[in-house]
Amino acid sequence: GNSVTQMEGPVTLSEEAFLTINCTYTATGYPSLFWYVQYPGEGLQLLLKATKADDKGSNKGFEATYRKETTSFHLEKGSVQVSDSAVYFCALSGGSSNTGKLIFGQGTTLQVKP
Amino acid sequence: DSGVTQTPKHLITATGQRVTLRCSPRSGDLSVYWYQQSLDQGLQFLIHYYNGEERAKGNILERFSAQQFPDLHSELNLSSLELGDSALYFCASSVDAQGRLFFGSGTQLSVL
């Protein structure tokens, strides 16, 4: 079945460092890919998405490119801030079974220190 | 504020008991999804309802059931509770099947 694998955390960075969180997926058909973010004590929020191969999703300085050849959707940011500290989830939707439900990776905790 | 309301925010109960978690979706959203978040299992999809009908089931135990009412709010019923059911339960809603979900802030269930 469909699945998502993320790099394990926590990831600890200093402010203004470069961020990469790796995400790979397994899916039949043509899924859409997402990054969601969860701040402490809150529900998940959509950060960015890409719906087809080679699409780049971007928001708030974060970017991720849908790579079908490597089945990856790595999250990047050029300069992180303390306020980016949160848990980041890679997810997929659709493929051969499109009910709109999301399959999530296990989440990666990001800690940014001043 | 996502527009999705979940009640209660916290629930403490004992093993063997039954609880009901409630979710009000965003205005206009017909789909409601339930997820369970725990440290060992991560975010697990439980069930999806669309306009009152069950659309998809995930890793939902037989002791758990859900429904969506005509006013589109949804309830997740958990019975014969076990210690391992302690988790954060999220509800999410969406207007379409494109994967953009709006999450509530969750119900933290503690089974003692």
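For the structure itself, consult the block above.
Keep in mind it's a predicted model, so treat the numbers as computed, not measured.

1. Looking at the overall build of chain B
Counting its secondary structure elements, chain B contains zero helices and eleven strands. N-terminal to C-terminal, the α/β element order of chain B is β-β-β-β-β-β-β-β-β-β-β. The C-alpha radius of gyration computed for chain B amounts to 13 Å, which stays within 12% of the reference 13 Å derived for 112 residues, consistent with globular compactness. Considering only C-alpha atoms, chain B reaches an extent of 35 × 30 × 25 Å along its principal axes. In chain B, which comprises 112 residues, the proportion classed as buried is 52%. For chain B, the share of sequence-separated contacts (at least 6 apart) that also reach a separation of at least 24 residues comes to 53%.

2. Re the environment of Phe90 of chain B
All names here are of chain B. Along the polypeptide, Phe90 turns up in strand β9 (residues 87-94). Under the relative-accessibility criterion, Phe90 is labelled buried at 0%. Spatially, the C-alpha atoms of Phe90 and Gln44 are 9.8 Å apart, while their sequence positions differ by 46 residues.

3. Thoughts on the interface of chain B and chain A
Tallying the contact residues gives 18 residues for chain B and 15 residues for chain A. For the pair chain B and chain A, the summed buried area comes to about 1400 Å², and 58% of that belongs to carbon and sulfur atoms. Our enumeration of links across chain B and chain A arrives at zero salt bridges. Counting across the interface, chain B meets chain A through three residue pairs in polar contact (both at pLDDT 80 or more). Broken down by secondary-structure element, the contributors of at least two residues to the side of chain B that touches chain A are β4 (31-38), β5 (42-50), β6 (53-57) and β9 of chain B. Counted by class, the side of chain B that touches chain A contains ten nonpolar, six polar and two charged residues.

4. Here's the deal with the state of the cysteines
Applying the stated criterion across every chain yields a total of two disulfides over all chains. The disulfide bridge from Cys23 of chain A ends at Cys90 of chain A, spanning 1.9 Å between sulfur atoms. Taking the sign of the S-S torsion, -70° for the link of Cys23 of chain A and Cys90 of chain A, the bridge is left-handed. Of this pair, Cys23 of chain A sits in strand β4 (residues 23-26) while Cys90 of chain A is found in strand β10 (residues 86-94), placing the two residues 67 residues apart along the sequence. Each member of the pair Cys23 of chain A and Cys90 of chain A is classed as buried. What pairs with Cys23 of chain B in a disulfide is Cys91 of chain B, and their sulfur atoms sit 1.7 Å apart. Its S-S torsion of approximately -45° makes the covalent link between Cys23 of chain B and Cys91 of chain B left-handed. On the criterion of sequence distance, the pair formed by Cys23 of chain B in strand β3 (residues 19-24) and Cys91 of chain B in strand β9 is long-range, its members being 68 residues apart. Residue Cys23 of chain B shares its accessibility class with Cys91 of chain B, and that shared class is buried.

5. Describing the sheet that holds strand β8 (residues 62-65) of chain A
All names here are of chain A. Strand order in the open sheet formed by four strands is β3-β9-β8-β7, and the pairing between neighbours is antiparallel. Every interior strand has two partners, whereas the edge strands, β3 (19-21) and β7 (56-59), have only one. Taken pair by pair, the neighbouring strands of this sheet meet at an average axis angle of 15°, ignoring direction. Relative to β8, β7 runs antiparallel, the two sharing four bridges. Along β8, the bridge assignment pairs Lys56 with Thr65.

Analysis parameters
Residues numbered from 1 in each chain as written. Chains lettered and ligands numbered in written order. Predicted model: local features only at pLDDT ≥ 70, side-chain atom pairs only at ≥ 80, totals over all residues. Heavy atoms only, no water. Helix = DSSP H or I, 4+ residues; strand = E, 2+ residues; numbered from the N terminus. Rg over C-alpha atoms; globule rule 2.2 N^0.38 Å. Buried < 20%, exposed > 50% of the residue type's maximum accessible area, 1.4 Å probe, protein only. Contact = heavy atoms within 4.5 Å. Buried area = accessible area lost by both parts, 1.4 Å probe. Salt bridge = Lys/Arg side-chain N within 4 Å of Asp/Glu carboxyl O. Polar contact = N/O pair within 3.5 Å; in protein donor to acceptor, adjacent residues only side chain to side chain. Nonpolar A, V, L, I, M, F, W, Y, C, P; charged D, E, K, R; others polar. Disulfide = S-S within 2.5 Å. Pairing = 2+ DSSP bridges. Axes fitted to C-alpha atoms, helices over the stretch in contact; angles between N-to-C directions.

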